[in-house]
Amino acid sequence: MNFLAHALLAGGDADLEVGGILGDFVHGQPDPALPEGLRRGIVLHRAVDSFTDHHARVLAAHALFDPPWRRYAGILLDVWFDHCLACDFGRWSDLPLNRFSARLRQHLDERSAWLPPRLRRFAAYMQVHDLPAAYADAAMIGEVLAGLGQRLSRTNPLARALPVLQARDAVLRQCFADFFPDLVDFAQGWRER
């Protein structure tokens, strides 16, 4: 899953939300100097990713992509599922998407001292581009994929992926609708442990 889903799955806990974003910016064991809530958010992020990667509906969705897209199916699905979530956010949250997004950016800002430089730069980018609320706009998804493609070390087609996703929109939305309730239940159970 991508940033919007990770933040939502934190269940309203600000430290888990920020830790959920941190999960894409740190590797290995979380720094013991980090506050406990941020460390738990990183661990939740990794548990969510593992659950997602092994879910039958997500695995089936990978098969919808022919080469060369199948190699990037995990990235494509993570980003497109955040688009699906943003488009139907009211079903999953009592907060409107714009307020949720602004609150997440505020939580990142309040914890900026704990963020690595790359995440601080990304938080500034989020502010300028109204992320993650802007994930509801398919054009922003195209920009996100192009940016991800630039960060990969090898040449890749991610900048051209938006039409591929749009052509599969109905079936991917159904995959998301079948999968996401299971992920919400999983994350809630994890938080309650």
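In what follows, the accompanying structure is described. (Residues numbered from 1 in each chain as written. Predicted model: local features only at pLDDT ≥ 70, side-chain atom pairs only at ≥ 80, totals over all residues. Heavy atoms only, no water.)

Side note on helix α7 (residues 117–129)
- When the terminal C-alpha atoms of α7 are compared, their 18 Å separation across 13 residues agrees well with the 18 Å that a helix rising 1.5 Å per residue should span.
- In this structure, the buried side of α7 is in contact with α1 (3–8), α2 (14–22) and α6 (97–110). (Helix = DSSP H or I, 4+ residues; strand = E, 2+ residues; numbered from the N terminus. Expected span 1.5 Å × (residues − 1). Contact = heavy atoms within 4.5 Å.)

A look at unusual backbone geometry
- Between Pro67 and Pro68 the backbone carries a cis peptide bond, its omega angle lying at 5°.
- Omega for the peptide link from Leu131 to Pro132 comes to 5°, which places this bond in the cis form.
- Checked against the element boundaries, Pro132 lands in the loop between α7 and α8 (138–151).
- Although it is not a glycine, Asp130 adopts a positive phi angle of roughly 55°.
- Relative to the helices and strands, Asp130 is located in the loop between α7 and α8.

As for the pattern of salt bridges
- Considering all chains together, one arrives at seven salt bridges under this definition.
- Notably, a salt bridge pairs Glu36 with Arg39, separated by 2.4 Å at the nearest N-O pair. One end of the pair, Glu36, and the other, Arg39, are both in helix α3 (residues 36–54), three residues apart, so they sit about a helical turn from each other.
- The salt bridge involving Asp169 is made with Arg173; its shortest N-O contact spans 2.8 Å. Note that Asp169 and Arg173 are positioned in helix α10 (residues 169–192) at a spacing of four residues, about one turn of the helix.
- The exposure class of Arg173 is partly exposed, given its relative accessible area of 30%.
- Overlapping salt bridges bring together Asp15, Glu110 and Arg111 as one network. (Salt bridge = Lys/Arg side-chain N within 4 Å of Asp/Glu carboxyl O. Buried < 20%, exposed > 50% of the residue type's maximum accessible area, 1.4 Å probe, protein only.)

Topic: the packing of aromatic side chains
- For the structure shown, the criterion picks out ten aromatic pairs.
- Between Phe81 and Phe176 the ring centres are 5.5 Å apart and the planes differ by 50°, which places this aromatic pair in the tilted class. Taken together, the residues Phe81 in helix α5 (residues 73–87) and Phe176 in helix α10 connect sequence positions 95 residues apart. An identical accessibility class is assigned to Phe81 and Phe176; each is buried.
- Between Phe176 and Phe180, the ring centres sit 4.8 Å apart and the planes meet at 20°, which makes this aromatic pair stacked. With Phe176 and Phe180 both in helix α10, this residue pair falls four residues apart, about one helical turn. (Phe/Tyr/Trp six-rings, centres within 6.5 Å; stacked < 30°, edge-to-face > 60°.)

Some words on the packing of α2 against α6
- Here α2 crosses α6 at 85°, and the two axes come no closer than 9 Å. As far as their axial angle goes, α6 and α2 are roughly perpendicular. Two secondary-structure elements touch here, α2 through Ala14, Glu17, Val18 and Ile21 and α6 through Phe100, Arg103, Leu104, His107 and Leu108.
- Of the residues in the contact of α2 with α6, the class split is six nonpolar, one polar and two charged. (Axes fitted to C-alpha atoms, helices over the stretch in contact; angles between N-to-C directions. Parallel < 35°, antiparallel > 145°, perpendicular 65-115°, else oblique. Nonpolar A, V, L, I, M, F, W, Y, C, P; charged D, E, K, R; others polar.)

Looking at the side chain of His107
- Considering the arrangement of structural elements, one finds His107 in helix α6.
- His107 sits in the buried class, given a relative accessible area of 10%.
- Discounting residues that sit within four places of it in the chain, His107 has contacts with Ala14, Glu17 and Val18.

Brief notes about the side chain of Arg105
- Within the secondary structure, Arg105 sits in helix α6.
- Residue Arg105 is classed as buried on the basis of its relative accessible area, which comes to 12%.
- Here Asp130 takes part through its side chain, which lies 3.1 Å from a polar atom of the side chain of Arg105. (Polar contact = N/O pair within 3.5 Å; in protein donor to acceptor, adjacent residues only side chain to side chain.)

These results come straight from atomic positions and should not be treated as a statement about function.
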